[in-house]
Amino acid sequence: MTGGITNFYAGGNTARGFTSLFDSSMQGLERVYALQGGPGTGKSGLLRDIGAHMTQQGYDIWLIHCASDNDAVEGLVIPALKIGIVDVDGTVPHIIELKLPETVLQYVRMDAAKDAAQLSGRSSDNLSLHNDISQAYEHAYSSFAEALRIHDDWEAFYIANMNYGAADELTETYSRLLYGDRRLEKQSRVDHRFLGAATPNGAVDFVPNLTEGLKRYFIKGRPGSGKSTMLKKLAAYGTDHGFDVEIYHCGFDPNSLDMIIVRELGFAIFDSTAPHEYDPEHATDEIVDTYARCIKPGTDEAYADNIRVLKEQYASQMKQSIQFLSQAKSLQDELKQIHAEATDFSVVERIKNDILQDIVGLAAARS
C-alpha cells in the first residue's frame, strides 16, 4: 500500500521578512539529515526521490515546499521513523538554523559533488548574483510590509464596527461544537506551519491536501472580522485539553492564523477568504460567517468607497511584491545554473543512495 503525502510550507516570504517554522516540524525527530551546499546541487531532487521511495514502501511523509521556488521542496519528514531531511543552505536570506538539542543532526555536504576550481573562476558572478538576490528579497519584504500597512487600514473599518460580545459567543459556540467535554490526558503536540505562501508564481496553498477526509469549517468574513482571533482561541482550547493541534500561520502576516487542524477529532477550521478562498464541496462542509455574526450591519455599504480604494491599493502592492519575488527567482536560476554546471551528479546520486540506505537500515531496525 502506498503511503500518503502531506504538503505544506515551513518557511515563508512575509510582510515581516523571511519566517522559518522548521524547528516545529522537526520536533520529536530522532535523526535529521541537514543538507549543506549552495544552489544547483540537486537537493530538491534528492528529497523528492527519497520521499517517493518511502511512500512506495508504505510510509506516510510530509513534503515541505519552498516558497521561493515553485518547483522545489526543502524538507522531508517520515513521521513513523522519526526521521527528517532538510535543506539548510538555501540562498541568502533563506539560511535555516535548526535548534534541535535532542535530535541527532547529521550534516551532509552536497558541495562534495562540486568542482571547486571551476566555481572559483565564476566567483565574481557568484558574488554579484548573491548581492542582487538579497536586494530583490529586501525590496519584496519592504513591499509586503507596505501591503500589510494598507491591509491594516482596510481592517480598521471592520474593527471599529466589531461586536466583540458576539465574536466571543461565536467562538464559545464552536469550542463546544468542536471539542465538547472531551479531554485527553496527555501533553499536546503543537505543529506550527504555513498552509500556503507568497511565491514567484503568486499565492499558492495546499488546503485541499491538508483537509482531505476531514470535517471542514469555512470561515468567511472580512479583514478585521475576528477570524484569526477565533482560530487562536480554538487552538488554545485544544492544547489545554490535551489534543494535538496543527496551527497554520498566515503566509502574509505570520502573526495571524489561517487554519487549525485537530486530526484526533477529525476537523479543520480555516479562513476561507482570498487568497485561499474555497467553497463547500462536500455534504459535511460548513460555513462560519464572521461578517454576518460579528460586524455591524451595513458596514460594507457605509464605507464602500474607502474600502474599494484600499482594496485596489492592496492588490497593486501585492502584485509589486510578487514581481520582486519573481525577479529574485530569475536571479536564483542563474546562480543555480552556474553551480549545476560545476556539479558531478553521479556524486549526488551516491549521496542520495547513502542516505536512503541509512534510512532503510534504521527502518529495518525498528521493525
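Described below are features of the structure shown in this document. (Residues numbered from 1 in each chain as written. Predicted model: local features only at pLDDT ≥ 70, side-chain atom pairs only at ≥ 80, totals over all residues. Heavy atoms only, no water.)

**Topic: the overall build of the chain**
Reasoning step 1: Secondary structure summary: the chain contains 11 helices and 16 strands in total.
Reasoning step 2: Seen through its C-alpha atoms, the chain measures out along the principal axes to roughly 70 × 50 × 35 Å.
Reasoning step 3: Out of the 367 residues in the chain, the part that is buried amounts to 52%.
Reasoning step 4: In the chain, 80% of the contacts between residues at least 6 apart in sequence involve partners at least 24 apart.
Reasoning step 5: A total accessible area of about 16800 Å² is found for the chain, and carbon and sulfur atoms account for 49% of it. (Helix = DSSP H or I, 4+ residues; strand = E, 2+ residues; numbered from the N terminus. Buried < 20%, exposed > 50% of the residue type's maximum accessible area, 1.4 Å probe, protein only. Contact = heavy atoms within 4.5 Å. Areas by Shrake-Rupley, 256 points an atom, 1.4 Å probe, with all protein chains shown as cover.)

**Points about the packing of helix H2 (residues 43-56) against helix H11 (residues 345-366)**
In a pair of packed helices, the angle between the axes and the distance between the axes together describe the arrangement.
Reasoning step 1: Direction vectors running N to C along H2 and H11 enclose 35°, while the axes themselves pass 10 Å from each other. Crossing handedness for the pair H2 and H11: right-handed. The segment H2 lies against H11, with Leu46, Asp49, Ile50, His53 and Met54 engaging Ile351, Lys352, Ile355, Leu356, Ile359 and Val360.
Reasoning step 2: Considering only residue class, the contact of H2 with H11 consists of eight nonpolar, one polar and two charged. (Axes fitted to C-alpha atoms, helices over the stretch in contact; angles between N-to-C directions. Left-handed = near helix turned anticlockwise from the far one by under 90°. Nonpolar A, V, L, I, M, F, W, Y, C, P; charged D, E, K, R; others polar.)

**A look at unusual backbone geometry**
Reasoning step 1: Omega for the bond connecting alanine 274 with proline 275 falls within 30 degrees of zero, at 10°, which places this linkage in the cis form.
Reasoning step 2: Mapped onto the fold, proline 275 is located in the loop between strand S15 (267-271) and strand S16 (286-289).
Reasoning step 3: The backbone of lysine 82 sits at a positive phi, close to 55°, despite the residue not being glycine.

**Observations regarding the packing of aromatic side chains**
Reasoning step 1: Under the defined criterion, the tally for this structure stands at 12 aromatic pairs.
Reasoning step 2: Residues tyrosine 158 and tyrosine 291 carry aromatic rings whose centres are separated by 6.2 Å and whose planes lie at 75° to one another, so their mutual orientation is edge-to-face. With a gap of 133 residues between them, tyrosine 158 in helix H4 (residues 123-159) and tyrosine 291 in helix H8 (residues 290-294) connect regions that are remote in the sequence.
Reasoning step 3: Given a relative accessible area of 2%, tyrosine 158 falls into the buried group.
Reasoning step 4: The lysine or arginine in question, arginine 193, covers the ring of phenylalanine 8, its NZ or CZ lying 4.1 Å from the ring centre.
Reasoning step 5: Just above the ring of tyrosine 291 sits the side chain of arginine 222; from NZ or CZ to the centre is 4.0 Å. (Phe/Tyr/Trp six-rings, centres within 6.5 Å; stacked < 30°, edge-to-face > 60°. Lys NZ or Arg CZ within 6 Å of the ring centre and 35° of its normal.)

**Concerning the pattern of salt bridges**
Reasoning step 1: Throughout the structure, instances matching the rule amount to 24 salt bridges.
Reasoning step 2: Residue lysine 43 pairs with aspartate 87 through a salt bridge whose shortest N-O separation is 3.0 Å. Placement of lysine 43 in helix H2 and of aspartate 87 in strand S7 (residues 83-87) is noted, with a sequence separation of 44 residues between them. By the burial criterion, lysine 43 is buried, and aspartate 87 matches it.
Reasoning step 3: For the salt bridge of arginine 216 with glutamate 281, the shortest nitrogen-to-oxygen distance reads 3.5 Å. Here arginine 216 is found in strand S12 (residues 215-220), whereas its partner glutamate 281 is found in the loop between S15 and S16, with 65 residues between them in sequence.
Reasoning step 4: You can call arginine 216 buried: its relative accessible area is 6%.
Reasoning step 5: Residues joined in a network through salt bridges with shared partners are Asp49, Glu349 and Lys352. (Salt bridge = Lys/Arg side-chain N within 4 Å of Asp/Glu carboxyl O.)

**Considerations on the pairing of strand S2 (residues 11-14)**
Reasoning step 1: Side chains Gly11 and Asn13 of S2 all project onto a buried face; the interleaved residues Gly12 and Thr14 project onto the opposite face, where all are buried too.
Reasoning step 2: Here four bridges tie S2 to strand S3 (residues 17-20), and the two strands are oriented antiparallel to one another. Following the sheet pairing, glycine 12 is matched in S3 by threonine 19. (Pairing = 2+ DSSP bridges.)

**As for the nonpolar core**
Reasoning step 1: Residues Phe144, Phe252, Ile260 and Ile269 are the most contacted members of the largest nonpolar core, which totals 54 residues.
Reasoning step 2: Sorting elements by how many residues they give to this core places H4 first, with 13 residues.
Reasoning step 3: Residues contacting phenylalanine 252, with those up to four places away along its chain left out, are Thr14, Ala15, Phe144, Ala147, Leu148, His151, Tyr314 and Met318.
Reasoning step 4: Among the nonpolar cores identified, the runner-up in size contains 31 residues, and Ile64, Ala67, Val88 and Tyr248 belong to it. (Core = buried A, V, L, I, M, F, W, Y, C linked by side-chain atoms within 4.5 Å.)

**Topic: the pairing of strand S4 (residues 31-36)**
Reasoning step 1: Sheet topology note: the S4/S7 ladder contains five bridges and is parallel. Across the sheet, arginine 31 pairs through a bridge with isoleucine 83, a residue of S7.

**So, the environment of phenylalanine 194**
Reasoning step 1: Inspection of the secondary structure assignment puts phenylalanine 194 in strand S9 (residues 190-194).
Reasoning step 2: Of the residues examined, phenylalanine 194 reaches a relative accessible area of 0% and is grouped as buried.
Reasoning step 3: As for phenylalanine 194 and leucine 21, which are separated by 173 residues in sequence, their C-alpha atoms are 8.2 Å apart.
Reasoning step 4: In this view, phenylalanine 194 contacts Phe8, Tyr9, Ala10, Gly11, Gly12, Thr19, Leu21, Tyr248, His249, Cys250, Gly251 and Pro254; residues no more than four positions away in its chain are not counted.

**Observations regarding H11**
Owing to its 3.6 residues per turn, the α-helix brings residues three or four apart onto one side.
Reasoning step 1: Counted at 1.5 Å a residue, the expected span for H11 with its 22 residues is 32 Å, and the 32 Å between its end C-alpha atoms agrees.
Reasoning step 2: Considered for burial, the residues of H11 that qualify are Val347, Val348, Ile351, Lys352, Ile355, Leu356, Ile359 and Ala363. (Expected span 1.5 Å × (residues − 1).)

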